[in-house]
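Analysis of the macromolecular model
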Amino acid sequence: MTDTTAPELRKTLDIGKILKDAAISAVVALFLAVPLLGLETFDAGGKLGVRTRWMWVVIAIACVFFGKLLMNVWLSLRPVKTKAKVVNEASVRRGQIIIKALSFAMLLFALTLPALPFSDRWWIDNGITVLIYIMLGWGLNIVVGLAGLLDLGYVAFYAVGAYSYALLSTAYDVSFWLVLPVAGIMAGIFGILLGFPTLRLRGDYLAIVTLGFGEIIRIVLLNWVSLTKGPAGIGSIPRPTFFGFPFGRTVPEGQVAFHQLFGIEYNPEHRLIFLYFLILALALMTNWLVLRLRKLPIGRAWEALREDEIACKSLGINPTNTKLTAFAIGAMLGGFAGAFFAAKQAFVSPESFSFIESATILAIVVLGGMGSQFGVVIAATVLVMLPELGRDFGDHRMLIFGLAMILIMVWRPQGFMSHREPTLRLNSGKGA
Amino acid sequence: MGDRLEHLYFLQQLINGLTLGSIYGLIAIGYTMVYGIIGMINFAHGEVYMIGSFVSVIVFTLLASFGVAAIPLGLVAVLLCALVFTSAYGFVIERVAYRPLRGAPKIAALISAIGMSIFLQNYVQQAQGARVKPIQPVIRGGIELFHGEGFGVQISYVQIVIIVLTVVMMSIFTYLITKTSFGRQQRACEQDRKMASLLGVNVDRTISMTFVIGACLAAVAGMMVTMYYGVIDFYIGFLAGMKAFTAAVLGGIGSLPGAMLGGLLIGLIETFFSAYFPAEYKDVAAFSILVLVLMFMPSGLLGRPEIEKV
């Protein structure tokens, strides 16, 4: 008897049951596939006609049947874990060291990306997009991960930041560096305005109200044509300058271009690389801010509030005000990211701020494991690059995106980084 | 005499609002039931309604191409097809996306639901095309109730069908929940799932049935919207779903009559707002109402206040 190792029980393979189960799934799949896959509506000279595609139905049913069959076989042959995995201090510490090492490696990669031999426009462009989402994820992480408030309308603050920069820079010609804090403050004010009446609500209600708020902002942007130009969007937004030195090949009289300043050859990629480092700096600033905030009393109060609101109240923490700070700071960071987005695109329209963006950012936070800064980086990279790499799939990429969201959640409901490091430890970790 | 015109206009909006409200109310019941039993927002419910409307369009078109002219027979056929096929979707959504996450944090289930919503939207877009789907009007004509100042208050036959169908569906549904053994099990699970399972209620089956019933009501709503507007696309589920959820919250989430009442109110608010104010902002009006209700009446119109226990 080898009882020292965890005994592995194997279930027996019940062929009849598995086949029956797969057959039932196939019948259900038939019901799903017949109306929407089997029959296709098409334009038949101004009228709608229907044609059949039975081949698709057969393929779909076969996929479901064999998929279910394989899954069941795998599930019954899989060894059953009888012992819960013991989490001991040593393995936790090892995990921390690995994460720290990986973080440094990633930071190094991020810092040197533009200089790496393989990097080209595609890499830097996508690097910027990933970093925007990382920054948004870290901002939302304060609200969702730390304070435990479910915000489905985060993109509204992103939109406020973006339109702040777009409007101020096109109407009053204010520079990016001046507008950046203004955009953050504007978004923060919106956060307070929204949060003040709604933060007393229970979690799910808050989710719906924030969702509604996100939609309201989008509808207003779409319809307030005199200010926002409506669906056409605001174009030719001035690009950020290198602390006052523009990036163009030719610059207006009396100004010095970036390449002239350093006496180097003009290269259109300079601007892109500058934008890349700008968003990297913003994202790192966000990360630093969040890490610092977690150690301050307010950050501790957020996390305590997430765990138990009643206990917090009885200890004299004002829940509404504490939540409000989390909401406002999260909104402010979203505003910064928005201003950067407007400057990078040089064009904003309400289309960029639809619900799907909020859902993506929330998915990044949740997939990363709520509260984990490192998890956000992984999740943002996966979720942003998935549709990007999936461009080969053409129109199917959003289909795959939705499917991936379900599968990842079913596979890891706690997110990629499920272990949550306590911010406070009694006895500095010894004897625990 | 201007007053009379005002009154007639008001009456017309009332009829239109009630029609729209019936559709929202039927969808809202699906939200409120699922919320009541598993405590989560079924984000994909709007897509179920969208699928219901697509099935209806396909069956309507099929019937038209076979030359089925008898309207009552055609309507029954469409209704049955929509019910069967859409409830299959409701059933599978729960099995695939929600059941594996039953013990997981609520937010994980919500993300999975959002993923399901995105998936279904794109699935229908891929399978049926992104263009809007128009159908020939199924039922034409209507009754003119009042007439004056060159303006007639009309209730069209489609509106009558929609309102009657809603009343019928609501009656069947109320009977199902209050009088049958399934309804008793459903209410038991809603109150205390663990206790219900200890007393021999098959909780998994009850939850599945809840999704199927919710999907049935959404399918009817989808069929009605197809007949009412005569044009649908794959994106209609999102906004209708949000408004129906607003309706469920307005009525008091977990309360079934509340969902219907909330649906009617949202339909009326939306119609009157677009009649008297700029119509582009009608969605803003619906959401503002939601925020106001939640601020001053967090448990909704007919909901029970929730007592937080330590």
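The rules we used
Each chain has its residues counted from 1, running along the sequence as written. Both sets of labels track the order of writing: A upward for chains, 1 upward for ligands. It should be noted that, the model being predicted, local features are given only for residues of pLDDT at least 70 and side-chain atom pairs only at 80 or more, the latter also being counted only at that level, while totals for whole chains, interfaces and linings use all residues. Residue ranges assigned to the domains are those given by an automatic or database domain assignment. Each residue is classed by its C-beta neighbour count within 10 Å, where at least 20 other C-beta atoms makes it buried, 12 or fewer makes it exposed, and intermediate counts make it partly exposed; the C-beta atoms are placed from backbone geometry. Strands here mean DSSP runs of E at least two residues long; helices mean DSSP runs of H or I at least four residues long; both are numbered from the N terminus. A pair of strands is treated as paired once DSSP finds two or more bridges between them. Residues are defined as contacting one another if the C-beta atoms placed from their backbone atoms lie within 7 Å. Each residue receives one of three labels: charged for Asp, Glu, Lys and Arg, nonpolar for Ala, Val, Leu, Ile, Met, Phe, Trp, Tyr, Cys and Pro, and polar for the others, Gly being one of them. Take the number of residues in a helix, subtract one, and multiply by 1.5 Å to get its expected span. Arc definition: directions from the helix axis to the C-beta atoms. To get an axis, fit a line to the C-alpha atoms, keeping to the stretch in contact for a helix; angles then go from 0 to 180 degrees between the N-to-C directions. Oblique is the label for any angle not covered by the other classes, which are roughly parallel (under 35 degrees), roughly antiparallel (over 145) and roughly perpendicular (65 to 115). The hand of a helix crossing depends on one turn: near helix anticlockwise from the far one by less than a right angle means left-handed, and clockwise means right-handed. For this entry, the nonpolar core is defined as buried Ala, Val, Leu, Ile, Met, Phe, Trp, Tyr and Cys residues connected by C-beta atoms within 7 Å. One confidence number per residue, pLDDT, is output by the predictor and ranges from 0 to 100.

Looking now at the domain arrangement of chain A. Per the domain assignment, the segments making up chain A are domain 1 (15-77) and domain 2 (98-420). Placing the centre of domain 1 of chain A and that of domain 2 of chain A at their C-alpha centroids yields a distance of 40 Å.

As a further point, take the pairing of strand β2 (residues 142-148) of chain B. All names here are of chain B. In terms of burial, β2 is largely open, as just zero of its seven residues are buried. Bridge count between β2 and strand β3 (residues 151-156): six bridges; the pairing is antiparallel. Bridge pairing in β3 places F146 opposite V153.

Moving on to the interface of chain A and chain B. With 44 residues of chain A at the contact, the number on the chain B side is 51 residues. Mapped onto the side of chain A that touches chain B, the elements with two or more residues apiece are α1 (15-38), β1 (39-44), β2 (47-52), α6 (176-198), α7 (203-223), α14 (355-367) and α16 (397-411) of chain A. Among the elements that take part in the side of chain A that touches chain B, α7 of chain A stands out by supplying 11 residues, more than any other. Counted by class, the side of chain A that touches chain B contains 33 nonpolar, seven polar and four charged residues.

Residue and element names in this part refer to chain B. Between its first and last C-alpha atoms helix α2 (residues 45-66) spans 32 Å; for 22 residues at 1.5 Å apiece the expected length is 32 Å, and the two agree. Across the 22 residues that make up α2, a large majority, 18, are buried. At the C-terminal side of α2, G67 shows a positive phi close to 75°.

Residue and element names in this part refer to chain A. Along helix α11 (residues 297-307), the positions that sit buried rather than exposed are G299, A301, W302 and L305. Within α11, the buried residues cover an arc of 160° as seen down the axis, which keeps them to one side. Along α11, the residues that are exposed and aim more than 90 degrees away from the buried face are P297 and E307. Along its buried surface, α11 packs onto α4 (121-146), α10 (269-295), α12 (309-314) and α13 (319-345).

This paragraph deals with the packing of helix α9 (residues 236-251) of chain B against helix α11 (residues 282-296) of chain B. All names here are of chain B. The interhelical angle for the contact between α9 and α11, taken along N-to-C directions, is 30°, at an axis separation of 10 Å. It follows from the interaxial angle that α9 and α11 lie roughly parallel. Between α9 and α11 lies a crossing whose hand is left-handed. Where α9 approaches α11, its residues L239, K243, T246, V249 and L250 are matched on the opposing element by D283, A286, F287, I289, L290, V293 and L294. Considered class by class, the residues forming the contact of α9 with α11 number nine nonpolar, one polar and two charged.

The biggest cluster of nonpolar side chains holds 215 residues, and the ones touching the most others in it are M135, I279 and L362 of chain A. Per element, the largest residue contribution to this core is 15 residues, and it comes from helix α8 (residues 203-229) of chain B. Shared between two domains, this core holds at least three residues of each, these being domain 1 (15-77) and domain 2 (98-420) of chain A. If we skip the residues at most four places from it in the chain, M135 of chain A touches I279, L282, A283, T286, L333 and A337 of chain A.

In this section: the environment of I142 of chain A. Residue and element names in this part refer to chain A. Turning to its location among the elements, I142 is positioned in helix α4. Residue I142 is classed as buried on the basis of its 29 C-beta neighbours within 10 Å. Taking C-alpha positions, I142 is 46 Å from V57, a pair spaced 85 residues apart along the chain. When residues no more than four places from it in sequence are discounted, the contact partners of I142 are A147, V290, A326, I329 and G330.

Attention shifts here to unusual backbone geometry. Residue and element names in this part refer to chain A. One non-glycine residue with positive phi stands out, namely D173, at about 60°. Within the secondary structure, D173 is located in the loop between α5 (155-172) and α6. With a phi close to 60°, A346 is a non-glycine residue in the positive phi region.

It is worth spelling out the confidence of the model for chain B at this point. Residues and elements named next belong to chain B. Residues at a pLDDT of 70 or more form 97% of chain B, whose mean pLDDT is 86. Per-element confidence in chain B ranges from a low mean pLDDT of 77 for β2 to a high of 92 for α8. We note a pTM of 0.84 for the whole complex and an ipTM of 0.85 for its interfaces.

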